Amino acid sequence: MDTPGTSQFAVAIVGGGPVGLATAVGLAQNGVPTALVARKAAYGDNRTTALLGGSIDFLTSLQIWSGCKQQAAALRVMRLIDDTGRLVRAPEVRLSSEEIGEEAFGYNIENRILVAALEARASELPNLVRYDDDASTIRSGVTAVEIETGNGARISATTVGGADGRNSLARRSAGIELRTRTLDQSAVTFNTAHSRPHDNISTEFHTPHGPRVFVPLPGMRSSVVWVTTPDEAASLQSLSDGELGLRAERQAHSILGKMRAEGERHVFPLTVQSPAALAAHRIALLGEAAHVFPPIGAQGLNLGLRDAADFVRIITTAHQAGEDLGSAHVMAQYSRARRADIASRSAVIDFANRSLLSDFLPVQMMRAAGLHLLNVADPLRRFAMREGLAPWWRRSA
């Protein structure tokens, strides 16, 4: 596949979101010649991400986090409130990071700040070449993968990390089938200012249509993820800042005082997507190319960053050993490293969402009993908190 005019790399990463950028930075920082194929787009919206402990550790290793921490809000307490109004209701659950010896469960940060820090770090690394363009074709061969960009640049790499989102070209090019389930729910995301301090408490209200989460931002501000029906989501999106703030204030039962929405709001129809494989034909999937599920428990990007960390670790080790980075053996290593984590998180999130939506009384009783156990069983509560930060097998590794 060594056609004239083709640039050769050990690895090519397709996709310039946080997962793709972090993967490219990690590889280049470790001395792996890497191409990043992703158009530089102004990340101007106000969406946020709650980064949990393991993600903070990974970003610290990439020399990213020190420049971001002061612009993020610590999440020290997680509060779960049953607001379903049903006959069987769960008790309020309050989880504190102090109980497991942590300063915070994580930090909530605006995505534009995180992406800017990753972009700045990427520009510093001599082993990383950026192609400011979209991949138009990706073709796997016996010994390499060839990528052509929209502007005609040709790149050859022994392996490709596909971090190009839920409509992944890399996944399609690898011939990996996708299972998709569309949910009758949408998520509305927006930020609010409020008159009372959040005290670094993230509060999640459980409603019959899904969770509504108020996550601290620096100052007297919070980000909101509001899961509801598609019709209500469209209605919320059309409200003025004052009207949406009033709806948020009522949903939060005024615990944050007067509220006013700030800036843009975004609506995302919810789906569950799972590929039939995590790697094939020298192409490995990362982030939303590898898993999509409802925004519950701040797991989405955190899971994607664990994909990135494992891919960086496995590829770096293989590169240092002089192995073929796209071999079936190396691709199988990545698949084994990620399969259990992705499957377990997806299953837990799916069950949590289904149990909240269900009108079946035994399911409601089971959910209430489980949350009651979190309140009264200290070892179980501490295990659940640690598991939310990282799977047990990663903590014991």
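Residues numbered from 1 in each chain as written. Predicted model: local features only at pLDDT ≥ 70, side-chain atom pairs only at ≥ 80, totals over all residues. Heavy atoms only, no water.

Asker: I'd like a rundown of the environment of A35, residues and numbers included.
Answerer: As for its position among the elements, A35 is in strand β2 (residues 34-37). We classify A35 as buried; its relative accessible area is 0%. On a C-alpha basis, the gap between A35 and K258 in space is 48 Å, while along the polypeptide they are 223 residues apart. Aside from chain neighbours lying at most four places away, what touches A35 is F9, V11, A12, I13, L128, V129, Y131 and I155. (Helix = DSSP H or I, 4+ residues; strand = E, 2+ residues; numbered from the N terminus. Buried < 20%, exposed > 50% of the residue type's maximum accessible area, 1.4 Å probe, protein only. Contact = heavy atoms within 4.5 Å.)

Asker: Requested: an account of the side chain of E110, with residues and values cited.
Answerer: Mapping E110 onto the fold places it in strand β7 (residues 106-110). A relative accessible area of 11% places E110 in the buried class. At a separation of 3.1 Å, a polar atom in the side chain of E110 contacts the side chain of R112. Those residues in contact with E110 that lie beyond four places of it in its chain are N46, R47, T48, L217 and R221. (Polar contact = N/O pair within 3.5 Å; in protein donor to acceptor, adjacent residues only side chain to side chain.)

Asker: An account of the sheet that holds β7 is needed here, citing residue identities and associated values.
Answerer: An order of β3-β7-β4 is seen for the 3 strands of this open sheet, with the pairing classed as antiparallel. Two strands lie at the open edges of the sheet, namely β3 (48-52) and β4 (73-75), each paired on one side alone. In this sheet, neighbouring strand axes are inclined to one another by 30 degrees on average, regardless of whether the strands run parallel or antiparallel. Two elements, β4 and β7, share 3 bridges in a ladder whose sense is antiparallel. (Pairing = 2+ DSSP bridges. Axes fitted to C-alpha atoms, helices over the stretch in contact; angles between N-to-C directions.)

Asker: How would you explain the pattern of salt bridges if you had to name every residue and give the values?
Answerer: On inspection of all chains with the given rule, the structure shows 24 salt bridges. A salt bridge links D341 to R345; the shortest N-O distance between them is 3.8 Å. Highlighted residues: D341 and R345, both in helix α8 (residues 328-357), separated by 4 residues, approximately one helical turn. Among the residues examined, D341 registers a relative accessible area of 0% and is labelled buried. Overlapping salt bridges bring together R306, D307, D310, R313, R338, D341 and R345 as one network. (Salt bridge = Lys/Arg side-chain N within 4 Å of Asp/Glu carboxyl O.)

Asker: Give me the domain arrangement of the chain: which residues, what numbers.
Answerer: Here the chain is partitioned into domain 1 (7-66 + 111-180 + 272-360) and domain 2 (73-110 + 183-271). Between domain 1 and domain 2, the C-alpha centre-to-centre distance is 28 Å. Summed over both partners, the interface of domain 1 with domain 2 buries about 2,300 Å², with 56% contributed by carbon and sulfur atoms. Inspection of the domain 1/domain 2 interface yields 1 salt bridge. In this structure, the salt-bridge partner of R112 is E110, at a minimum N-O distance of 3.1 Å. On the surface where domain 1 and domain 2 come into contact, there are 11 residue pairs in polar contact (both at pLDDT 80 or more). Sorting elements by how many residues they give to the side of domain 1 that touches domain 2 places β3 first, with 5 residues. Looking at the side of domain 1 that touches domain 2 residue by residue, the class counts come to 15 nonpolar, 10 polar and 5 charged. (Domains from an automatic or database assignment. Buried area = accessible area lost by both parts, 1.4 Å probe. Nonpolar A, V, L, I, M, F, W, Y, C, P; charged D, E, K, R; others polar.)

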